[in-house]
Each structure stands twice: as structure tokens, then as C-alpha cells.
Amino acid sequence: MPARPRIDDAALPLGLQPRTVFVTGKGGVGKSTVSAALALAWRDAGARTLLVEIEGQASSAAMLSNKKIGYNATPLGEQLCALRITLNDALKEYARLRLKVKLVADRLVSNPIMDQFAQAAPGFRELLVLGKLWALASETDDRGRPKWDAIIVDSPATGHGLGLLGMAGVIARMFPVGPIHTQAKAVDAFVRDPARVGVVLVSLPEELPVTETLELHDELRARGIDVVASVLNGLLVDRFSDAEAAHADELIQSSDDLDPALRHALETVLWEHMRCTDQATERARLEAGLDLPSAVLPYMFAPQLTREHIASLARWFMPAGQERLHAQLAGADDGPAAAAAVHAGEAGPA
Ligand SMILES: Nc1ncnc2c1ncn2[C@@H]1O[C@H](COP(=O)(O)OP(=O)(O)O)[C@@H](O)[C@H]1O
Ligand SMILES: [Mg+2]
């Protein structure tokens, strides 16, 4: 068996030791993108990494590979695997483990009534998914060592409340005794064990997402769930200084017969500068509200993000990348050059 590589502490994304993390936030903020980038970053730091998708989510593994992902871990590269948890597979596995007879279990699970039950029973689906994640986090290799250092769960969007993460606790309280209680309680203890599990919150630099992220953070903490980091995704690097924007404004105001194309260009300068200023305000509000390791990730101008973009985002997670990005966001004098470099995606620090 090949020697187990050591994890390089200096290369850890956000300085975070690998563990099971739930990457969550509102829909469309970049959970899948951040999950894929975090998986690459941890893998590159030497962690044996598993990226987990949950049925119904856009696919984060597809951002890294064309391989079809199923219920069993599929290698995507050196020390990096992915799998996808579907309700049906989780239900089948659970029934098999409980009933110990594959044929009966499969029949039972393919029974439409059972299927409807699983879809309808509140929290049952979440409990199965969390139970599977717990099992994955407890897997060992043939020497009895943990099989995975890092498990990244591309989690469902948070709606109202805690959703997936809070559900085991809810069920444990709903069923005060019996086997379901025992199972739910154990799964809930796993989710709330800060040595094993944490949440990474993803947000966009806009008012509503930031407010909701702050609320979610408080709610998670109140329930005893460890929030380990926040990621602010999609920052624009300002290409114009305040003085340049003021100058553009003067030009617009001072002339009635500006060439229309020039007027539009100047208005675009003002709009972009204002947008970046708003983003900076929201970034400051998020950072002031959270006492956590945090990363900002630049907005990548591309019709579709490729694996190279994801790899570039993974490098921005490193301290050197964050320092550089912060300097650029602070409005370094080389505005246009810095912005172009970030936007080109080539900018991830080496
Ligand atoms: N930093 C970024 N720069 C540019 N596009 C991004 C960035 N992060 C995410 N996207 C794009 O935004 C969309 C939503 O991202 P995704 O990760 O699927 O969000 P979620 O999983 O939260 O729904 C995708 O098309 C993705 O490629
Ligand atoms: Mg997604």
C-alpha cells in the first residue's frame, strides 16, 4: 500500500483542517462552485478528499470531471473521489442493513408505497442522507484508519430554518423513544460534533444574501452546529478609482452634446464603480458580523466556468491569494491591470 501522504498545514485552504463540511447558503450563491474548489484545495494540501452531491442539487463533481457519479465513490483524480446520494439508494442501503436480506429490501424499497412514505414523511429523507454522511465519515481503510480526511457536502440551499442540518435534532425530539429516536439522536450528535463536522457559509456581496448569511450563522451556532468559515463569492475588482468616477460624472454633467457612445461608456464607468462600492460595503458588513476564517473569491468573467476556473478559485483560498485579492479590492493603483488579471482567471496565485 502506498505511504499515506502527509497533510501540509501551510497549504490548507483558509487554514482549515480537513473534516466533514456542509457547504451551504442561498440558492445560486455558488455552493457547488465553492464545494468543488474546496475539494481541489484540500486534495492539493494532501487530504484524501470526498466530494458529495445530494440529489436535486446541481452537480459540483461535473465542474471537475465528465465522469458519471453514482452512489459509490468514483475517483476523479489522485486522492479525490465523488459520490452522489439519492434518496432511493440511501433507502435501499438502509433497508438492506436493517433487513439483512437484499431481495426483500430491494422489493420493499421499490414498493411505491414505501417510496411515497419516504417522500412524504417529514424529515425522513434528511435523516437518511445525514445517516449516510455519518457512515461515510466513519469509514475506515484496511488498516482501520479513517478513509477520508475531508468530506465536502454540496448541501441543499437553505430556505427557512436549518433544513438538512437541523433535521436529525427535530426528529429526535419528535420521536422521544424507539429506534428512530436512537438513530436520529446519534446522527444529530455527529452533526453537532465540532471535531468532525462544520459548516462553510457561502454568500454573495449583496444586501439580502449577507443579511441572511448573518442570520443563518446565528441560528446554526444557537443549535450547537459549528460554523467554520465563510466565503464571499463573486467579488468584482474595481477598475476605477473614486477620482476617476468623479471625473466621469463631471464629463457627463458638463456637456449636453456628448457623443452617445461616449456617454454610455461614461455611465458604465459610474455604474460599475457604484456596484463595486456597494459590494465593498456588504463585504465589510459580513466581515464585521462574523468572527470566522473567511475568504473572498473573485467573479470570473466567463460564459461557463471550466475546471481551470475552479482550480484558479481553489488557489485563491490560500493566504497568499487572499492577501493579493484584498490588496486589489482595496483599490491598488493598478486598477485596470489588477482587474484584468483577476478576471482572466489566470490570476490565481501560483
Ligand atoms: N466566482 C464566480 N465567478 C463567476 N461565476 C460564478 C462564480 N461562482 C459561481 N458562478 C456561477 O454562478 C452560477 C451558480 O453557481 P453554483 O455554484 O451552481 O451555485 P449554487 O450551487 O449555490 O446554486 C453557476 O453558473 C456558476 O458557474
Ligand atoms: Mg448547487
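Located above this text is the structure these notes cover.
Just so we're clear, the structure is a prediction, and the values are computed from it rather than from any experiment.

Each value, and the rule that gives it
- Residues numbered from 1 in each chain as written.
- Chains lettered and ligands numbered in written order.
- Predicted model: local features only at pLDDT ≥ 70, side-chain atom pairs only at ≥ 80, totals over all residues.
- Heavy atoms only, no water.
- Helix = DSSP H or I, 4+ residues; strand = E, 2+ residues; numbered from the N terminus.
- Buried < 20%, exposed > 50% of the residue type's maximum accessible area, 1.4 Å probe, protein only.
- Contact = heavy atoms within 4.5 Å.
- Areas by Shrake-Rupley, 256 points an atom, 1.4 Å probe, with all protein chains shown as cover.
- Axes fitted to C-alpha atoms, helices over the stretch in contact; angles between N-to-C directions.
- Parallel < 35°, antiparallel > 145°, perpendicular 65-115°, else oblique.
- Nonpolar A, V, L, I, M, F, W, Y, C, P; charged D, E, K, R; others polar.
- Near = heavy atom within 4 Å.
- Polar contact = N/O pair within 3.5 Å; in protein donor to acceptor, adjacent residues only side chain to side chain.
- Pairing = 2+ DSSP bridges.
- Salt bridge = Lys/Arg side-chain N within 4 Å of Asp/Glu carboxyl O.
- Expected span 1.5 Å × (residues − 1).
- Arc of directions from axis to C-beta.
- Phe/Tyr/Trp six-rings, centres within 6.5 Å; stacked < 30°, edge-to-face > 60°.
- Patch = residues over 30% accessible without salt bridge, like charges linked within 9 Å, V, L, I, M, F, W, Y side chains within 5 Å.

Student: Explain the overall build of the protein chain here, please?
Tutor: Looking only at helices and strands, the protein chain has 13 helices and eight strands in total. Counting the 350 residues in the protein chain, one finds 49% classified as buried. Once local pairs closer than 6 in sequence are excluded, the contacts in the protein chain between residues at least 24 apart make up 73%. As displayed, the protein chain has an accessible area near 17,100 Å², and 56% of this comes from carbon and sulfur atoms.

Student: What is the right way to read the packing of helix 5 (residues 124-137) against helix 6 (residues 164-174) from this model?
Tutor: Any two packed helices are characterised by the angle at which their axes cross and by the distance between the axes. Remark: helix 5 packs on helix 6, axes separated minimally by 9 Å, with the N-to-C direction vectors making an angle of 105 degrees. If you check the angle between helix 5 and helix 6, you find them roughly perpendicular. Taking contact as the criterion, the partners of Phe124, Glu126, Leu127, Val129 and Leu130 in helix 5 are, on helix 6, Leu164, Met167, Ala168 and Ile171. In terms of residue class, the contact of helix 5 with helix 6 is made up of eight nonpolar, no polar and one charged.

Student: Could you clarify how one ought to interpret the site of ligand 1 in this entry?
Tutor: Surveying the vicinity of ligand 1 reveals the residues Lys26, Gly28, Val29, Gly30, Lys31, Ser32, Thr33, Asn233, Pro298, Tyr299, Met300 and Leu305. One of the backbone N or O atoms of serine 32 is found 2.9 Å from an oxygen atom in ligand 1. Protein coverage of the free-state accessible area of ligand 1, which is 560 Å², stands at 74%. Sort the elements by how many residues they give to the shell around ligand 1 and helix 1 (residues 31-44) lands first, with three residues.

Student: Just checking my understanding: could you explain the sheet that holds strand 4 (residues 80-85) for this structure?
Tutor: Adjacent strands of a sheet form backbone hydrogen bonds with each other and so pair up, either parallel or antiparallel. Here we have eight strands laid out as an open sheet, ordered 3-4-2-5-1-6-7-8, and mixed in their pairing. Among the strands making up the open sheet, the edge pair consists of strand 3 (74-77) and strand 8 (294-298). Between one strand and the next, the sheet's axes are offset by a mean angle of 25 degrees, whatever the strand orientation. Examined bridge by bridge, strand 7 (residues 227-235) and strand 8 share five bridges and lie parallel to one another.

Student: Quick question: what am I supposed to make of the pattern of salt bridges here?
Tutor: Pairing between side chains of opposite charge can happen when the charged atoms of each approach one another. Counting across every chain of the model gives eleven salt bridges. Between aspartate 149 and arginine 48 there is a salt bridge, and its shortest N-O distance comes to 2.9 Å. Taken together, the residues span a long stretch of sequence, with aspartate 149 in the loop between helix 5 and strand 5 (150-154) and arginine 48 in the loop between helix 1 and strand 2 (49-54) at a distance of 101 residues. Here aspartate 149 and arginine 48 have matching classes, each one buried. Measuring nitrogen to oxygen at the nearest pair gives 2.9 Å for the salt bridge that ties aspartate 141 to arginine 145.

Student: How do you make sense of the environment of histidine 309 when you look at a structure like this?
Tutor: Turning to its location among the elements, histidine 309 is positioned in helix 11 (residues 307-316). Separated by 272 residues in the primary sequence, histidine 309 and alanine 37 have C-alpha atoms spaced 9.0 Å apart. Setting aside anything within four residues of it in sequence, one finds histidine 309 in contact with Met300, Ala302 and Gln304.

Student: Explain helix 9 (residues 242-254) to me, please; I cannot follow it from the model alone.
Tutor: Residues spaced three or four apart along an α-helix point in a common direction, a consequence of the helix completing one turn every 3.6 residues. The terminal C-alpha atoms of helix 9, which comprises 13 residues, lie 18 Å apart, in line with the 18 Å expected from a rise of 1.5 Å per residue. Those residues of helix 9 lying buried are Ala245, Ala248 and Ile252. Along helix 9, the residues classed as buried sweep out an arc of 60 degrees about the axis, all on the same side. The outward face of helix 9, more than 90 degrees from its buried face, is lined by the exposed residues Asp242, Ala243, Glu250, Gln253 and Ser254. Residues of helix 9 that are buried sit in contact with helix 10 (260-289).

Student: How should I be thinking about the packing of aromatic side chains in this particular structure?
Tutor: Each aromatic ring pair is described using two quantities: the centre-to-centre distance and the angle formed by the ring planes. Enumeration over the complete set of coordinates arrives at one aromatic pair. For the ring pair tyrosine 299 and phenylalanine 301, a centre distance of 4.9 Å and an interplane angle of 75 degrees mean the geometry is edge-to-face.

Student: For this particular structure, what's the right way to read a nonpolar patch on the surface?
Tutor: Taken together, the side chains of Val170, Met174, Phe175 and Ile180 make up a nonpolar region of the molecular surface, amounting to roughly 300 Å² of accessible area. Looking at phenylalanine 175, the relative accessible area reads 35%, which means it is partly exposed.

Student: Looking at this structure, how should I read the pairing of strand 5?
Tutor: Regular strands show a simple pattern: their side chains alternate between the two faces of the sheet. Burial analysis of strand 5 places five of its five residues in the buried class, the great majority of the element. Both faces of strand 5 are covered, namely the face carrying Ala150, Ile152 and Asp154 and the face carrying Ile151 and Val153. Sheet topology note: the strand 1 (residues 20-24)/strand 5 ladder contains four bridges and is parallel. Looking at strand 5, one finds that phenylalanine 22 is bridged to valine 153. Across five bridges, strand 2 lies against strand 5 in parallel orientation. Residue glutamate 53 lies in a different strand from strand 5, and its bridge partner there is aspartate 154.

Functional significance is not addressed by these values, which are geometric in nature.
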